[in-house]
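Inside the fold
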Amino acid sequence: MALLDAPDDRSRPTDDDYIVRRTQLLDIARSVPAGMLLPLESSVLLTIAITQFDAPGWVKGVIAAASGVGLLVSPVVTEAVRRSGLPAMRVAAFISTIGAAGFAVAAVGPLALLVVGSIVGVAAISASIPLLTATYETNFSTADRGKRVGRGMAVRVAVSALAGLAMGTYLTAHAGLWWHLLLAGTVALLAMAWTQRRLPSQPIPPIDGRHPSALPHFHLLGEDRQLRLTLIAWMFMGFGNLMLLPLRVEFLAQSRYGVNADAAKITMLTVTVPSIVRLACMPVFGRLFDRMSFFSARIMVNLLFAIYVGAFFSGTGNTGLILGAVAFGVGSAGGDLMWTLWVTKFAPPGRVADYMGLHTFFTGIRAVSAPLLGFVVIERFDLSTVAIIAAALIVVSSLVLLPEARLERRAG
């Protein structure tokens with residue numbers, strides 16, 4: 001790894017037990033409203049657009065890409081925090097408040113406001129991710145960071161399983177009151193802002209020798225070989241996964257695919273079952289992250305996602321759908337943790353937010369383009385063809401990482 005400019009001591013993990021305990025408790029508290037929001041951004045908003053508004057393909061793609069919008073602007077957010085000198089999570093709380101206003105607008109009614117409000121609300125959730133990762137870097141030690149972050153993620157997943165089941169059941173029984181779910185999202189984002197405001201955090205330290213820039217730190221790609229290869233692999237894997245993610249709802253909801261599921265079954269298969277499995281597997285992956293070779297673990301997770309694609313989209317029977325949902329849940333348990341924390345294994349102290357900003361920027365590119373492309377492609381090709389393409393991209397991602405995994409094994 002290339003030597004980069006050294007930051008000040010503020011970026012080093014704290015040894016203050018009070019800050020560690022407070023961060024752990026508030027991160028778990030933050031995970032409760034975050035879990036309530038997960039079904040909205042992953043399934044419920046798209047289900048509402050399909051079942052209540054019969055939205056055209058490009059509109060469904062735009063809603064599915066809302067999280068990518070937030071990821072694309074995350075480097076701008078990171079640089080704004082660096083320039084302001086404000087504690088990182090205080091700015092994150094402000095962004096969440098803006099997102100709450102977006103969901104309130106989406107609840108008003110017309111499709112146009114649903115789309116605009118959903119984009120603002122969901123984008124606010126993802127825009128501050130680098131700030132949270134940087135806070136994990138300074139508040140948790142490298143020895144148990146994965147385990148501690150995994151606790152909050154487990155709570156988020158458990159809440160999302162219950163919230164997804166409740167939202168799907170409510171939407172099936174009271175379809176005309178779908179806007180109630182948007183108001184619930186508004187309250188959840190305000191609650192998340194309250195916890196973020198109180199999370200111990202520091203300003204993002206300046207970088208000596210470099211001019212401030214709102215653009216991602218692209219120069220890191222030339223300076224850090226492992227970062228470059230990992231982002232290439234993540235682009236293949238993420239594009240394949242994100243292209244299919246919203247199509248799960250399309251596959252289950254549209255009668256032409258033969259499943260013709262109601263809102264309750266859709267949320268059960270896309271949110272509840274995966275969330276329960278993720279909850280069970282999250283502690284395991286938290287320990288694996290702290291102890292296992294990153295590249296080997298990432299390849300293992302990629303293969304789990306490939307299994308999910310093959311099982312879920314192979315037919316219309318409940319067995320394949322449930323097996324696919326389970327495989328997706330296991331893969332997501334590891335994928336979520338690695339996506340959030342992997343840069344802490346490679347970034348020099350104080351540069352985690354910049355590494356994460358670059359990572360989230362490229363994630364945003366595929367999160368915006370992949371769902372849109374997916375909905376366009378299925379208008380020309382059958383869904384099984386799209387699933388094969390996605391699985392192939394996931395396999396290619398593993399092949400890119402394979403040499404690094406061998407090097408890690410030899411070094412170990």
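A brief structural summary. (Residues numbered from 1 in each chain as written. Predicted model: local features only at pLDDT ≥ 70, side-chain atom pairs only at ≥ 80, totals over all residues. Heavy atoms only, no water.)

Notes on the overall build of the protein chain
Across its full length, the protein chain holds 17 helices and zero strands. The globule rule puts the C-alpha radius of gyration for 412 residues at 22 Å, and the 20 Å found for the protein chain is close to it. Principal-axis analysis of the C-alpha atoms places the extent of the protein chain at approximately 60 × 45 × 35 Å. By the burial criterion, 57% of the 412 residues in the protein chain qualify as buried. Just so you have it, the protein chain exposes about 16,100 Å², and 66% of that area is on carbon and sulfur atoms. Charged side chains of the protein chain number 33 positive and 24 negative; the gap between the two group centres comes to 3 Å. (Helix = DSSP H or I, 4+ residues; strand = E, 2+ residues; numbered from the N terminus. Rg over C-alpha atoms; globule rule 2.2 N^0.38 Å. Buried < 20%, exposed > 50% of the residue type's maximum accessible area, 1.4 Å probe, protein only. Areas by Shrake-Rupley, 256 points an atom, 1.4 Å probe, with all protein chains shown as cover. Lys, Arg positive; Asp, Glu negative; His and termini not counted. Charge placed at Lys NZ, Arg CZ, Asp CG, Glu CD.)

Some details on unusual backbone geometry
Positive phi is not limited to glycine here, since Asp-54 has a value of about 50°. With respect to the element layout, Asp-54 can be found in the loop between helix H1 (17–53) and helix H2 (57–64). Taking the relative accessible area as the measure of exposure, Asp-54 reaches 62% and is therefore exposed.

A closer look at the pattern of salt bridges
All chains considered together, the criterion is met by seven salt bridges. Arg-30 serves as the salt-bridge partner of Asp-27, at 3.1 Å between the closest nitrogen and oxygen. Pair noted here: Asp-27 and Arg-30 are both in helix H1, with a separation of three residues, about one helical turn. Each member of the pair, Asp-27 as well as Arg-30, is classed as buried. Across the pair Glu-79 and Arg-82 runs a salt bridge whose closest N-O atoms are separated by 3.3 Å. Here the residue Glu-79 and the residue Arg-82 both occupy positions in helix H3 (residues 66–84), the gap between them amounting to three residues, near one helical turn. Classification of Arg-82 as buried rests on a relative accessible area of 11%. A single salt-bridge network, built from bridges that share partners, covers Glu-79, Arg-82 and Arg-83. (Salt bridge = Lys/Arg side-chain N within 4 Å of Asp/Glu carboxyl O.)

Some words on empty space enclosed by the protein
For the structure on display, the rule yields five cavities of 30 Å³ or more. The calculated volume of the second largest cavity comes to roughly 110 Å³. For the second largest cavity, the lining is made up of 14 residues, of which Ala-134, Thr-138, Pro-203, Ile-204 and Pro-205 are closest to its centre. Put simply, the parts of the chain that give the lining of the second largest cavity at least two residues each are helix H6 (129–139) and helix H16 (352–377). Split into classes, the residues belonging to the lining of the second largest cavity amount to seven nonpolar, five polar and two charged. (1 Å grid on protein atoms, 1.4 Å probe; cavity = no way out; pocket = protein on both sides within 12 Å on 5 of 7 lines; lining within 4 Å. Points joined across faces, edges and corners; volume = space filled by probe spheres on them. Nonpolar A, V, L, I, M, F, W, Y, C, P; charged D, E, K, R; others polar.)

Side note on the packing of H1 against helix H12 (residues 263–291)
One way to put it is that H1 packs onto H12 with a least axis distance of 10 Å and a crossing angle of 165°. On the basis of the axis angle, H1 is roughly antiparallel to H12. Seen along the crossing, H1 lies across H12 with a hand that is right-handed. Each of Leu-38, Pro-39, Ser-42, Ser-43, Val-44 and Thr-47 in H1 lies in contact with H12, whose residues at this interface are Ala-263, Ile-266, Thr-267, Thr-270, Val-271 and Arg-278. (Axes fitted to C-alpha atoms, helices over the stretch in contact; angles between N-to-C directions. Parallel < 35°, antiparallel > 145°, perpendicular 65-115°, else oblique. Left-handed = near helix turned anticlockwise from the far one by under 90°. Contact = heavy atoms within 4.5 Å.)

Observations concerning the environment of Pro-75
Mapping Pro-75 onto the fold places it in helix H3. The buried category is assigned to Pro-75, whose relative accessible area is 6%. The sequence separation of Pro-75 and Thr-97 amounts to 22 residues, and the corresponding C-alpha distance is 19 Å.

What about a nonpolar patch on the surface?
Together, Phe-94, Ile-98, Val-116 and Val-120 make up an exposed nonpolar region whose accessible area comes to about 350 Å². Among the secondary structure elements, those contributing two or more residues to the nonpolar patch are helix H4 (88–106) and helix H5 (111–127). Owing to a relative accessible area of 54%, Phe-94 belongs among the exposed residues under this scheme. (Patch = residues over 30% accessible without salt bridge, like charges linked within 9 Å, V, L, I, M, F, W, Y side chains within 5 Å.)

Keep in mind these values describe shape, not function.
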